[in-house]
Amino acid sequence: MNFLKIQESKIKSILKSFHYDVEEVSLIPSTKKELGDFQYNGIMAIAKRMDQNPLEIANLIAKELEKDEDFAKVIVAGPGFLNITFQDQALLNYANLLLEEKCYFEKLPSKKILIDYGGPNVAKVLHVGHLRSANIGESLKRLAKSLGYEVIGDVHLGDYGLQMGMIMLEIQTRYPDLSCFQTDFHADTVVDLPITNEDLINLYPIASQKAKADEKIMEKARHITYLLQQNDPCYKALWRSILALSTKDMKEIYQELDVHFDLWNGESDAEQFIPEMLDYLRKKSLTTLSEGAEIISVEEEIDKLPVPPLLLIKSNETVSYETTDLATLWDRKKENYDEIWYVVDKRQELHFIQVFRAATKSSIIPKTTKLEFIGFGTMNGKDGKPFKTRDGGVLSLRELMNLVNEETDKNMIPAIQGEERILTSKIITAATIKFADLLSHRATDYIFDLKKFSDTSGKTGPFILYSTVRMRSLLKKAKEEKIKKLYFQNFKVLSAKKVFLHLLNLQKVLEKSLQEKSLHELANYLYYLNNTYNNFYAENRILTEKEESVKSTWIALTKLVYDVNLLLLDILAIQVPTRM
Ligand code: ARG
């Protein structure tokens with residue numbers, strides 16, 4: 001069992017034995033290291049509740065704890081803080097247990113979760129907002145899985161709205177000879193598109209501009225959207241080809257970012273459920289007509305700002321994002337998820353409030369299923385505004401990756417050449433972008449600073465990779481020396497003990513990150529773990545250490561840190577190159 005949890009439960013039972021009731025005792029790293037390694041701050045609250053003197057309670061508990069052989073020193077400070085130093089032997093014993101069992105953290109009671117993340121739009125460019133959703137979502141998925149949840153990830157493609165009508169109209173105007181526009185077209189044949197994905201992406205802004213400038217064109221685009229949604233065989237076939245072209249490129253980028261989805265569903269997959277859902281909603285008399293549209297009102301008395309009704313069917317008989325999201329829930333309900341998480345730009349929150357309310361109000365989703373909006377902030381350029389290209393356009397994810405790749409290449413050793421260089425720089429590029437993106441709380445905006453994020457000695461992805469690669473080569477050398485079984489016997493120096501103390505916090509950091517649905521503490525933890533290890537590494541000569549018991553301890557410590565690094569990097573979906 002987890003070392004800190006064991007010690008916490010000891011404190012809890014001592015408190016209980018003196019009839020002080022607490023729900024949870026939590027030991028946190030001490031803010032005053034000269035007083036102890038960990039501290040417990042709960043006594044003041046207990047004293048207040050019982051109207052007693054906290055100092056007296058603290059002294060009482062401290063005296064009891066010192067009788068326990070795991071506790072070396074318990075110092076009472078201030079109004080009633082407990083500062084705790086553990087016996088080295090207790091730490092060494094636990095370290096050996098970890099080394100042997102390789103069980104670095106404990107799982108939580110299982111839950112079944114669906115994560116809706118990624119959310120790229122067909123025929124549109126993947127931009128940095130899509131990076132954030134993919135990156136945060138993938139890491140949350142891996143974190144939840146590591147902690148024992150059953151998790152399904154769904155990319156939820158944007159493949160059904162008016163944008164599809166606009167693009168298809170533009171394609172029809174440019175290529176009227178395409179097979180799908182001929183009278184003898186067979187619905188189940190594949191439409192050969194004479195364009196690349198890049199062409200396709202360039203089409204969209206043009207198509208959208210044209211439609212916005214001319215109501216007649218907009219009307220046509222809407223009509224095509226309507227026909228698509230009515231399953232018109234020609235437009236549906238064209239749509240399938242566009243989808244295939246578009247997703248091929250997306251998959252490549254996701255592969256480079258080590259992001260993987262279990263489901264490649266999209267808005268269009270919800271279409272088949274719309275009629276039965278509408279039927280259900282109408283039978284429950286939840287829908288009303290308003291200016292030719294059919295809506296569900298979702299406002300509640302508690303609302304400080306108005307929450308507009310959910311638009312189920314527009315006056316032109318097409319449906320949008322709101323309806324497909326609701327119908328997607330209609331489908332997802334069948335899997336009995338405990339929770340459904342949406343990792344989406346925080347500016348879309350209102351939309352999800354509408355959808356969630358409509359889903360629970362209508363009992364499409366039972367009250368026992370938690371729907372959670374996990375909003376994220378914007379990645380900004382140095383000017384504090386959303387990251388733009390040099391000529392002011394939206395920065396695509398690919399452009400961002402190229403930019404970082406150029407910088408990465410500058411920091412790589414010349415010995416790495418050819419294929420290896422390409423592969424390694426791709427891995428480091430992804431690490432640079434992803435680590436930087438996870439470092440602040442997901443909901444805060446951050447400024448993308450290329451130099452800072454690529455710095456191999458800063459709080460960065462490349463720094464963590466360097467440190468990991470170095471540990472790996474040290475362990476390899478140690479193995480070649482055929483050292484007897486690794487064993488924790490003697491930390492000898494404070495810097496080594498500090499590394500181990502830091503490892504003790506792993507469980508808490510994992511649990512807290514899952515609770516907050518943000519990876520920032522985990523990323524920071526990983527950084528400080530490596531930083532603490534590097535301080536130890538810089539001060540000591542591990543492989544040439546004369547005292548066998550110390551040398552063995554230090555190599556064992558390196559092994560633990562290395563293993564935890566790999567584990568956490570895997571949660572952050574960051575790969576480690578062979579060398580860099
Ligand atoms: N496609 C949307 C966008 O690019 C994100 C989709 C979010 N997920 C959802 N179920 N609506 O902004």
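A. Representation of the sheet that holds strand β4 (residues 81-86) within the structure. Ordered in space as β1-β2-β4-β3, the four strands form an open sheet in which the pairing is antiparallel. Two strands lie at the open edges of the sheet, namely β1 (28-29) and β3 (71-77), each paired on one side alone. Bridge count for strand β2 (residues 38-40) against β4 is three bridges, and the pairing is antiparallel. Among the inter-strand pairings, Phe38 is bridged to a residue of β4, identified as Ile84. Each of β3 and β4 is contacted by helix α3 (residues 54-66), which is oriented at about 175° to β3, the strand it contacts most.

B. The arrangement of the packing of aromatic side chains in detail. Per the stated rule, a full pass over the model turns up 26 aromatic pairs. Between Tyr446 and Phe453, the aromatic rings sit 6.3 Å apart at their centres with planes inclined by 55°, giving tilted as the arrangement. By relative accessible area, Tyr446 is classed as buried at 6%. Taking 5.0 Å as the distance between ring centres and 80° as the angle between the ring planes, the aromatic pair formed by Phe448 and Phe453 counts as edge-to-face. By the burial criterion, Phe448 is buried, and Phe453 matches it. Taken together, the ring pairs in this structure connect Phe3, Phe38, Phe71, Phe86, Tyr94, Phe488, Phe491 and Phe500 into an aromatic cluster. Above the face of the Trp264 ring, Lys251 is positioned so that its terminal group lies 4.6 Å from the ring centre. It is Arg470 that lies over the ring of Tyr537; its NZ or CZ is 4.3 Å from the centre.

C. Seen up close, the nonpolar core. Core analysis: the biggest nonpolar cluster contains 155 residues, and Leu15, Tyr40, Leu238, Ile242, Leu400 and Phe500 have the highest contact counts within it. Among the elements that take part in this core, helix α20 (residues 548-571) stands out by supplying twelve residues, more than any other. Residues contacting Leu15, with those up to four places away along its chain left out, are Tyr20, Val22, Val25, Tyr40, Ile46, Ile57 and Ile61. Counting 32 residues, the second-largest nonpolar core is a separate cluster that includes Leu281, Leu312, Phe356 and Ile365.

Calculation notes
- Residues numbered from 1 in each chain as written.
- Predicted model: local features only at pLDDT ≥ 70, side-chain atom pairs only at ≥ 80, totals over all residues.
- Heavy atoms only, no water.
- Pairing = 2+ DSSP bridges.
- Helix = DSSP H or I, 4+ residues; strand = E, 2+ residues; numbered from the N terminus.
- Contact = heavy atoms within 4.5 Å.
- Axes fitted to C-alpha atoms, helices over the stretch in contact; angles between N-to-C directions.
- Phe/Tyr/Trp six-rings, centres within 6.5 Å; stacked < 30°, edge-to-face > 60°.
- Buried < 20%, exposed > 50% of the residue type's maximum accessible area, 1.4 Å probe, protein only.
- Lys NZ or Arg CZ within 6 Å of the ring centre and 35° of its normal.
- Core = buried A, V, L, I, M, F, W, Y, C linked by side-chain atoms within 4.5 Å.

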